[in-house]
Amino acid sequence: MSQRELAEAVGVSVGGMHYVLNALINKGLVKLGNFTAAEDKRRYAYVLTPKGIARKAALTRAFLVRKMEEYEALRKEIEALQIDLDTDTARKLS
């Protein structure tokens, strides 16, 4: 995937994607290397480093924890609303 394709997929400018990729390289999260299989030798491969993989795993873990907390909060809210609805319905039928 080229920087242009990646930028389009994420919804940012090519310049913005270049800036972010360079920042990730500088932080040691991404490694830049020639993509030797490509005919166009100006193409590069952006590869996650072990540090980048660990960071991605940590972000994924945090995302999953946050989503599970949101799910539980929504489940409890729905349960409370169901109880209120049942109570109101029972009161109206009495």
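Residues numbered from 1 in each chain as written. Predicted model: local features only at pLDDT ≥ 70, side-chain atom pairs only at ≥ 80, totals over all residues. Heavy atoms only, no water.

*Asks:* What's the story with the overall build of the chain in this structure? I'm lost.
*Replies:* Secondary structure summary: the chain contains 3 helices and 2 strands in total. Taken from N to C terminus, the helices and strands of the chain fall in the order α-α-β-β-α. With 94 residues in all, the chain has 11% of them scored as buried. Considering only intrachain contacts with a sequence separation of at least 6, the fraction spanning at least 24 residues in the chain is 13%. As displayed, the chain offers around 7,900 Å² of accessible surface, 61% of which is attributable to carbon and sulfur atoms. (Helix = DSSP H or I, 4+ residues; strand = E, 2+ residues; numbered from the N terminus. Buried < 20%, exposed > 50% of the residue type's maximum accessible area, 1.4 Å probe, protein only. Contact = heavy atoms within 4.5 Å. Areas by Shrake-Rupley, 256 points an atom, 1.4 Å probe, with all protein chains shown as cover.)

*Asks:* Quick question: what am I supposed to make of the side chain of threonine 49 here?
*Replies:* Residue position: threonine 49 is located in the loop between β2 (44–48) and α3 (50–93). With a relative accessible area of 14%, threonine 49 lands in the buried category. Separated by 2.5 Å, the side chain of threonine 49 and the backbone oxygen of glycine 28 make a polar contact. (Polar contact = N/O pair within 3.5 Å; in protein donor to acceptor, adjacent residues only side chain to side chain.)

*Asks:* Looking at this structure, I do not really get helix α2 (residues 14–26). What am I missing?
*Replies:* Residues three or four positions apart in an α-helix share a direction because the helix packs 3.6 residues into each turn. Under the 1.5 Å per step criterion, the end-to-end length of α2 is 18 Å for 13 residues, consistent within 8% with the ideal 18 Å. Once α2 ends, the next one or two residues include glycine 28, with phi positive near 85°. (Expected span 1.5 Å × (residues − 1).)

*Asks:* I'm lost on the pattern of salt bridges in this one. Help?
*Replies:* A side chain of one charge can pair with a side chain of the opposite charge if their charged atoms are brought near each other. Here the structure, examined in full by the defined rule, presents 5 salt bridges. Among the salt bridges present, the one from arginine 75 reaches glutamate 79, with a minimum N-O distance of 3.3 Å. One end of the pair is arginine 75 and the other is glutamate 79, both in helix α3 and 4 residues apart, which spans about a single turn. Judged by relative accessible area, arginine 75 falls into the partly exposed class, the value being 33%. (Salt bridge = Lys/Arg side-chain N within 4 Å of Asp/Glu carboxyl O.)

*Asks:* How do you make sense of a nonpolar patch on the surface when you look at a structure like this?
*Replies:* Together, Leu32, Tyr44 and Tyr46 make up an exposed nonpolar region whose accessible area comes to about 280 Å². Along the chain, the position of tyrosine 46 falls in strand β2. (Patch = residues over 30% accessible without salt bridge, like charges linked within 9 Å, V, L, I, M, F, W, Y side chains within 5 Å.)

*Asks:* Could you clarify how one ought to interpret the environment of threonine 49 in this entry?
*Replies:* For the pair threonine 49 and glycine 28, spaced 21 residues apart in sequence, the C-alpha separation works out to 6.9 Å. Here threonine 49 is in contact with Gly28, Leu29, Val30 and Lys31, once residues within four sequence places are set aside.

*Asks:* Help me understand the packing of helix α1 (residues 3–10) against α2, please; the structure alone is not making it clear to me.
*Replies:* A pair of packed helices is characterised by two quantities: the angle between their axes and the separation of those axes. Where α1 meets α2, the closest approach of the two axes is 8 Å, and the angle between their N-to-C directions is 105°. On the basis of the axis angle, α1 is roughly perpendicular to α2. Every residue of α2 that contacts α1 at Gln3, Arg4, Leu6, Ala7 and Val10 is listed here: Val14, Met17, His18 and Leu21. Its residues assigned to classes, the contact of α1 with α2 shows 6 nonpolar, 2 polar and 1 charged. (Axes fitted to C-alpha atoms, helices over the stretch in contact; angles between N-to-C directions. Parallel < 35°, antiparallel > 145°, perpendicular 65-115°, else oblique. Nonpolar A, V, L, I, M, F, W, Y, C, P; charged D, E, K, R; others polar.)

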